[in-house]
Amino acid sequence: MTSARNVPWIETIPVASGLGPGEHVATIFADGGWGQWTMQGWSSRTARSAPNYDVLAWLCAALALVSAAGLARAAPRADLAGLARAIGGRIQASRGITLQAIAAGLALWATAGLSWAQDAATAYRNLGTPANVALSAGASALAFWAPVFALSVAALLALCVLIWQRLDIGLALAAFFAPFYLVPQRLFERAFSMAELITLICVARWVATLAINLIQARRAGTALPQFKPTLLDMGILGLVGIGLLSSLQSDFKVEAFREWRLVVVEPALLYFMLRSAGLSVGRRNGIAAAFVMGGISIAAVGLWNYARGIRFEAEFGLPRIQSVYGSANNDALYLERAWAMALAGVVFGRWALRSLPLPGGRILRADWLPGAARGAAILGFGVISVALALTQSRGAILFGVPAALVAMCFAAGGRWRWLGAAILAVTAAGAALLLSGAAATLLQGTRLAAALNLSAGSGFIRVNLWQSAWAMWLDHPLLGVGPDNFLYAYRSFYILPAAWKEPELSHAHNLILDPLARIGALGLLALAAVAAGFVARARAALRDFASRPLVIGAFGLAAAAAAHGIVDHSYFLPDLACAFMIAAGLVAGKDLSAD
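The rules we used
- Residues numbered from 1 in each chain as written.
- Predicted model: local features only at pLDDT ≥ 70, side-chain atom pairs only at ≥ 80, totals over all residues.
- Heavy atoms only, no water.
- Helix = DSSP H or I, 4+ residues; strand = E, 2+ residues; numbered from the N terminus.
- Buried < 20%, exposed > 50% of the residue type's maximum accessible area, 1.4 Å probe, protein only.
- Contact = heavy atoms within 4.5 Å.
- Areas by Shrake-Rupley, 256 points an atom, 1.4 Å probe, with all protein chains shown as cover.
- Expected span 1.5 Å × (residues − 1).
- Core = buried A, V, L, I, M, F, W, Y, C linked by side-chain atoms within 4.5 Å.
- Axes fitted to C-alpha atoms, helices over the stretch in contact; angles between N-to-C directions.
- Parallel < 35°, antiparallel > 145°, perpendicular 65-115°, else oblique.
- Left-handed = near helix turned anticlockwise from the far one by under 90°.
- Nonpolar A, V, L, I, M, F, W, Y, C, P; charged D, E, K, R; others polar.
- Disulfide = S-S within 2.5 Å.
- Salt bridge = Lys/Arg side-chain N within 4 Å of Asp/Glu carboxyl O.
- Phe/Tyr/Trp six-rings, centres within 6.5 Å; stacked < 30°, edge-to-face > 60°.
- Lys NZ or Arg CZ within 6 Å of the ring centre and 35° of its normal.

Peer 1: Help me understand the overall build of the protein in this model?
Peer 2: The helix and strand tally for the protein stands at 19 helices and six strands. Relative to its 595 residues, the protein shows a buried fraction of 41%. Considering only contacts in the protein between residues 6 or more positions apart, those separated by 24 or more positions represent 73%. Carbon together with sulfur atoms contributes 67% to the accessible area of the protein, which is approximately 32600 Å² in total.

Spelled out as structure tokens, the structure:
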């Protein structure tokens with residue numbers, strides 16, 4: 001065991017309490033040596049138990065929630081318009097004609113500016129989707145790679161204007177930039193990922209639209225469309241709330257709130273924007289294509305590095321691919337999700353596009369476009385497939401990819417289910433061969449030779465890690481140790497002696513134990529509600545023929561995340577969280593508008 005932050009400090013550890021007066025014996029065994037905890041001393045005392053303020057804290061939190069609910073209920077009945085008229089009358093009485101003239105001038109300037117802006121916005125929208133995408137993508141690329149700070153800020157401001165006109169393009173850009181969260185854009189003394197910046201711009205536009213719709217509905221005396229929350233909605237909201245509570249009680253709150261923001265709140269906002277934006281099937285497919293393009297970009301960077309000799313060394317066989325992530329396993333986690341969506345597009349896409357809109361209302365006829373688009377999709381799918389294979393990730397090869405294929409086949413229905421059953425049987429037979437050791441000779445010298453060996457190597461480390469995560473949850477049953485607090489708790493107190501070779505592990509490498517240790521049983525229940533709600537919404541969406549390729553790909557993405565999560569990350573990384581929430585939002589979004 002080492003200190004949580006790997007710096008010297010003194011930690012007081014209670015060994016026993018409530019023993020009563022008398023003689024007691026404590027036996028301490030030393031295990032390990034350098035770089036671990038050393039005992040500075042011990043003491044015993046008889047003291048009154050300290051008052052427990054936990055109940056008071058929970059009562060205060062409950063009072064705050066009740067007060068907020070009361071405020072939300074009372075706010076619509078407040079006479080804000082009367083207050084504004086009273087303030088206006090007081091200003092007129094005190095300032096006179098001069099202030100009125102200034103107000104009139106400002107009003108004239110503002111209305112003229114709005115008129116010009118409206119004309120510009122109309123012209124921009126009339127350019128059509130290809131031009132809108134090109135302009136927005138160019139502004140985002142300039143903001144991401146601009147060598148001059150002022151130029152980057154100007155590009156971000158231009159991006160704000162463009163996203164204000166087309167929210168779906170902003171969401172597509174957020175989906176594209178999701179895997180690049182480790183390559184942030186510096187703004188002043190802070191650094192933010194492009195996905196985060198674009199998400200916040202989209203949120204500003206989304207909130208403003210909701211506010212405008214509310215004001216217009218109140219003025220017209222009409223009611224807004226009723227939002228009926230689903231199990232998926234409630235699960236995601238529960239995850240946000242439980243993540244907040246878990247962060248508040250964590251030992252390392254800065255790290256906890258950072259992960260809560262990046263992994264829980266912002267992906268949830270992406271989901272609710274997609275859920276409520278009323279995007280057509282075509283625009284949702286465009287966002288899915290942008291997500292796949294992000295995966296292709298990650299794969300292309302890795303293949304380019306591989307050709308230049310920039311690779312991760314492997315303990316067996318070929319070197320492993322190195323892209324923008326710190327390990328090939330992280331590449332595999334994201335690539336398998338993009339691979340599932342790309343495969344669904346290639347196999348189940350309709351490829352019926354026949355024309356492109358051009359400025360001035362012209363139409364470009366392109367009979368070759370369906371074939372060219374299909375060829376480009378197949379090429380992109382091939383790039384992701386090669387990169388995914390070169391990660392040599394055992395979790396992706398043995399769990400993620402087969403699970404995605406099986407889920408997609410069963411979601412497609414009909415004869416595809418027979419193929420899914422065959423893939424499932426072959427996968428089960430292969431796992432049995434690996435467990436029995438019958439294929440050890442054939443696979444000797446590869447990473448698959450000891451893939452399911454739990455007595456040595458990474459399998460042995462994982463078994464000890466799972467035991468530590470279970471003990472961590474038993475000590476923090478409801479809310480866990482807090483988001484991004486696993487590393488500090490693990491290497492400080494919970495690491496087992498047999499796992500001393502790998503003390504720097506930041507997650508439990510298991511779909512169930514990771515949320516249990518991180519955000520507790522309440523968090524796991526919220527995630528279970530999210531999973532059940534996702535399946536229910538996706539099954540309902542399969543009835544829409546136009547949405548089937550998208551929904552089938554989302555099924556594959558979720559299955560890969562769950563299956564690979566048995567031995568690795570499943571959700572709690574910014575890119576993985578965004579990938580799932582984007583897929584869930586695309587599946588749950590209603591088709592309320594036309595292209």
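That covers the picture; the talk isn't over yet.
Peer 1: Looking at this structure, how should I read helix α19 (residues 574–588)?
Peer 2: Working note: α-helix, 3.6 residues per turn, so residues spaced by three or four point in the same direction. The terminal C-alpha atoms of α19 lie 21 Å apart, and with 15 residues this matches the ideal 21 Å at 1.5 Å per residue to within 8%. For α19, a buried count of 15 out of 15 residues is recorded, marking the element as mostly surrounded by other parts of the structure.

Peer 1: What is the right way to look at the nonpolar core in this model?
Peer 2: The tendency in soluble globular proteins is for nonpolar side chains to be buried side by side. Membership of the largest hydrophobic core comes to 103 residues, with the highest contact counts inside it found for L171, I198, I287, F291 and I384. With 13 residues, the top contributor of residues to this core is helix α11 (residues 328–348). For I287, the contacting residues outside a window of four places in its chain are D168, L171, A172, A175, L274, L279, I582 and L586. Judged by nonpolar contacts, the second largest core, of 17 residues, contains L465, I495, A499 and A517.

Peer 1: So what exactly am I meant to see when it comes to the packing of helix α6 (residues 167–177) against helix α10 (residues 281–308) here?
Peer 2: Pairs of packed helices are described in terms of their axes, by the angle between the two and the distance that separates them. Axis separation between α6 and α10 bottoms out at 7 Å; the angle between their running directions is 25 degrees. Accordingly, the angle class assigned to the pair α6 and α10 is roughly parallel. Handedness of the crossing formed by α6 with α10: right-handed. Here D168, L171, A172, A175 and F176 of α6 lie close against α10, whose contacting residues are R283, I287, A290, F291, M293, G294 and S297. When grouped by side-chain class, the residues that make up the contact of α6 with α10 number eight nonpolar, two polar and two charged.

Peer 1: Would you explain the packing of helix α18 (residues 548–564) against α19 in this entry?
Peer 2: Direction vectors running N to C along α18 and α19 enclose 150 degrees, while the axes themselves pass 10 Å from each other. With respect to each other, α18 and α19 are oriented roughly antiparallel. In this structure, α18 crosses over α19, and the sense of that crossing is left-handed. Of α19, the residues touching α18 (which contributes L550, V551, A554, L557 and A558) are A579, F580, A583, L586 and V587.

Peer 1: Would you mind showing me how to read the state of the cysteines here?
Peer 2: Think of a disulfide as a covalent bridge from one cysteine sulfur atom to another cysteine sulfur atom. Across all of its chains, the model carries zero disulfides by this definition. Lacking any disulfide linkage, C160 is separated from the closest cysteine sulfur, that of C202, by 9.5 Å.

Peer 1: Looking at this model, I keep getting lost on the pattern of salt bridges. Mind explaining?
Peer 2: Two side chains bearing opposite charge may form a pair once their charged atoms approach each other closely. Tallied over the full model, the rule gives ten salt bridges. D168 is the partner of R283 in a salt bridge, and the nearest nitrogen-oxygen pair spans 3.9 Å. Of this pair, R283 sits in helix α10 while D168 sits in helix α6, and the two are 115 residues apart along the sequence. Among the residues examined, R283 registers a relative accessible area of 23% and is labelled partly exposed. Residues participating in the shared-partner salt-bridge network are R166, D168 and R283.

Peer 1: Help me understand the packing of aromatic side chains, please; the structure alone is not making it clear to me.
Peer 2: Both the distance between ring centres and the angle between the ring planes are used here to describe each pair of aromatic rings. Overall, the coordinates contain 15 aromatic pairs when judged by the stated rule. Aromatic pair Y181 and Y325: ring centres 6.4 Å apart, planes at 55 degrees, arrangement tilted. Of this pair, Y181 sits in the loop between α6 and β1 (185–187) while Y325 sits in the loop between β4 (320–321) and α11, placing them 144 residues apart in sequence. Residue class for Y325 comes out buried when judged on its relative accessible area of 4%. Considering the side-chain rings of F257 and W260, the 6.1 Å spacing of their centres and the 85 degrees angle between planes classify their relative orientation as edge-to-face. Here W260 and F257 lie together in helix α9 (residues 253–276), a separation of three residues that amounts to about one turn. By relative accessible area, which is 17% here, W260 ends up buried. Above the ring of Y306, the side-chain terminus of R311 is found at 4.5 Å from the ring centroid.

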